[in-house]
2 protein chains.
Amino acid sequence: MPEKVAVIGVGQTQFGQLYEKDRTKLLAEAVLDAVSDCNNLELKDINEVFIGFTGLGGTQLGNVSGWFGDYLNLLPKPIHRVENACATSGYAFRCALMAVASGYADIALACGTEKMHDIGTSQVLFEMGRGGDSDWESNFGITFAGMYALVAQRHMHVYKTTKQMLGAVAVKNHKNAVNNPLAQFRRPITMEQYMQADLTGMVAQPLNIYDCCPLTDGASAAIVTRADIAKKFTDAPIYVLGSGAGTDSLATFRRDDLTSLRAAVEASKMAYKMAGVGPEKVQIAEVHDCFTIAEIVATEDLGFFKKGEGGKMALEGQTAVDGRIPVNVDGGLKAKGHPVAATGCSQIRTIVKELRGEAEKMQISPQPEIGLTHNVGGSGTVSVVHIFGRKPPSK
Amino acid sequence: MPEKVAVIGVGQTQFGQLYEKDRTKLLAEAVLDAVSDCNNLELKDINEVFIGFTGLGGTQLGNVSGWFGDYLNLLPKPIHRVENACATSGYAFRCALMAVASGYADIALACGTEKMHDIGTSQVLFEMGRGGDSDWESNFGITFAGMYALVAQRHMHVYKTTKQMLGAVAVKNHKNAVNNPLAQFRRPITMEQYMQADLTGMVAQPLNIYDCCPLTDGASAAIVTRADIAKKFTDAPIYVLGSGAGTDSLATFRRDDLTSLRAAVEASKMAYKMAGVGPEKVQIAEVHDCFTIAEIVATEDLGFFKKGEGGKMALEGQTAVDGRIPVNVDGGLKAKGHPVAATGCSQIRTIVKELRGEAEKMQISPQPEIGLTHNVGGSGTVSVVHIFGRKPPSK
């Protein structure tokens, strides 16, 4: 079994339309936030760095390790750029765990940054197409909303999932975001507003504007170390119980089943196995709700609900802050925002804060013991799942 | 100290102008070559994959893990895309070491692929600009030849390095490539030809066409496992004694000294420290000679020669196959070719073959005990150095 690893610091910037801040500045803010979240840790104590960046937005597309490292005053430390589309910083985190568990690093930093408002919306959506299959899907015009609309249509057909169930996810996540000072959209919406949005134009049938996460600028960071020395750097280490990752075909049309993301199912199996706990032990989860249907599918793929019942459970309030398994208490990608490469570590930040009991207005009660993050790239091409606990893993 | 790791299989495709093969097919060839280089190993035994790809050449730019993984029949295994410009697969290899040493994987695969001939030369050179500082260097027109020309001019000014010394590197590497069946240029050149090339047009003063590595299509792969189980998979495990990485500013103009690459100096220090050996113990090295001056600087940065004496030593034949420290016996980037993201693991392949005594016509004599690889990204922005041994590390 791998050496035990703990999270000692998490950080995040405001998410939103941040025209006044460059992606380097955003990343620096998030990293310094994570450093100051630790006790007795300075930037210079970090041994290995994994930066998540997809290169969206018309600037430095490759070789960004030195670009960011210079601005962050991290030179000459080893820095890797990791990119797995919207799951980028979730994978950077998995790499950071390996860096520490291997003994290559005592302290490792995973982080991600994205700036999506420097160029026009149509251009950034075009660039996002690189997260889909460029040759056979994106270049023919299908967007991610289009791909997830296919998932939604199939789910509705097979499992009788309804528009109202999709709407329940949107309404819940908007409500949750009100409690998150770093969220992009801090305004509640009603089911009536959600339904009315169909009339003002669909993004991709059956998804309307409230089914889709926004374009977001922002950055996030997480710092990890060996569990046995974690208390030097924090009063409340949060232990990594499990980490899993899975991969599926890039092109949506190559998959056998549209109603489940195989990559996420495999990632969660691996994470549960490593953690030695099942979905019934998870008390809070941040899942990748790039579209409302994605949250419904995620809650099924992760084993929180039976296949096909995710929509019904959302409508019943089972994923609300006071439900059976609170999901996306920070507003999720839908309302907190989705700065692509920053989403993974932002999810981790929320779970770490909740497990510490430091989530302020977002805090669920009772304080959870075990939480989970679920990060997806592309239309389900890659997925990485992490399970965290307040107590160190027993084995 | 990290768990000990050994290389059990290496693979590479032909390097060259391979118009008939896609980057996915090239990668599959290299990976299957590495798998068949092992005993009793099948593709399905691999636990974690790190794919190096920069996205050059007008196709899938992001989220390639599922794209390659699908073609390689690696689904649904965890796959990460790692990108650090021309040092990409060297970093993928470092990640693979961590995956194994951490216990996350028993068997990890590092690989890289690049296709540089699918689009026109000017377009691919423009795209390569993303490995330099897009905002402040590349977009103003400077190419990598231009950046390394600055390094050469400064080295010539400070250390009296001459054109003939640069030429000695080109002549040596072309001669070495004749012995490498996978090399792009298997023809010797004379010093007279090298000097004459100045007259037919400089690429960037003082670099002529023979000072510059070519555009190359190709792929490479390396498979690693724990040292204690390596003999299950190979009769001749090659042990990783040391791994180091360093980072410098992205922009060349932000560096204090042009005659040395700080990233490489730091990477080698870290690798030597981990290995517990100094440069005097290294008997063979593959260094990143994207330009002739880069090899001269590398042999100094790695401590093989005193600062400023790299050129003189090359001219004296100290880096020839029968010299004090044979450098780039496979032809190096200069003559073997430089398929950007595939170069790192190709260097590792050559050293592994030499240490095993299986390098055929490239084999140096006596069979070396310790070898080193030195991989650089950008104009010295990132660098990763690995040290390999025939015997397991003592500590």
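Just above sits the structure.
A. Fine view of the overall build of chain A. Counting secondary structure elements, chain A contains 12 helices and nine strands. Over its C-alpha atoms chain A spans a radius of gyration of 19 Å, differing by no more than 12% from the 21 Å that the globule rule assigns to 395 residues. In terms of its C-alpha atoms, chain A occupies a principal-axis envelope of roughly 55 × 45 × 40 Å. The burial tally for chain A puts 69% of its 395 residues in the buried class.

B. Layout of the side chain of Thr373 of chain A. All names here are of chain A. Counting through the fold element by element, Thr373 comes out in strand β8 (residues 370-377). Since its relative accessible area comes to 2%, Thr373 is described here as buried. Aside from chain neighbours lying at most four places away, what touches Thr373 is Glu286, Gln347, Ile348, Ile351, Val384, Val385, His386 and Phe388.

C. Representation of unusual backbone geometry. Residues and elements named next belong to chain A. Along the chain, Leu75 connects to Pro76 via a cis peptide bond; the corresponding omega equals 0 degrees. Here Pro76 shows up in the loop between α2 (64-71) and β3 (79-82). A positive phi angle, near 50 degrees, is found at Glu360, a position not held by glycine. One can find Glu360 in the loop between α12 (343-356) and β8.

D. Representation of the side chain of Thr292 of chain A in the model. Residues and elements named next belong to chain A. Mapped onto the fold, Thr292 is located in helix α9 (residues 292-301). Exposure remark for Thr292: the relative accessible area of 1% places this residue in the buried category. With residues near it in sequence (within four places) discarded, Thr292 still touches Leu166, Val169, Ala170, Leu207, Tyr210 and Asp211.

E. Representation of the relation of the copies chain A and chain B in the model. Each copy superposes on the other: chain A lies on chain B with an RMSD of 0.0 Å after a rotation of 180 degrees and an axial shift of 0.0 Å. The operation mapping one copy onto its partner corresponds to a two-fold rotation axis. Closest to the rotation axis within chain A is the C-alpha of Ser102 of chain A, separated from it by 1.8 Å. A share of 100% of the interface residues of chain A reappears at the interface of chain B, consistent with the copies meeting face to face through the same patch.

Criteria and cut-off values
Residues numbered from 1 in each chain as written. Chains lettered and ligands numbered in written order. Predicted model: local features only at pLDDT ≥ 70, side-chain atom pairs only at ≥ 80, totals over all residues. Heavy atoms only, no water. Helix = DSSP H or I, 4+ residues; strand = E, 2+ residues; numbered from the N terminus. Rg over C-alpha atoms; globule rule 2.2 N^0.38 Å. Buried < 20%, exposed > 50% of the residue type's maximum accessible area, 1.4 Å probe, protein only. Contact = heavy atoms within 4.5 Å. Least-squares fit on C-alpha atoms with pLDDT ≥ 70 in both.

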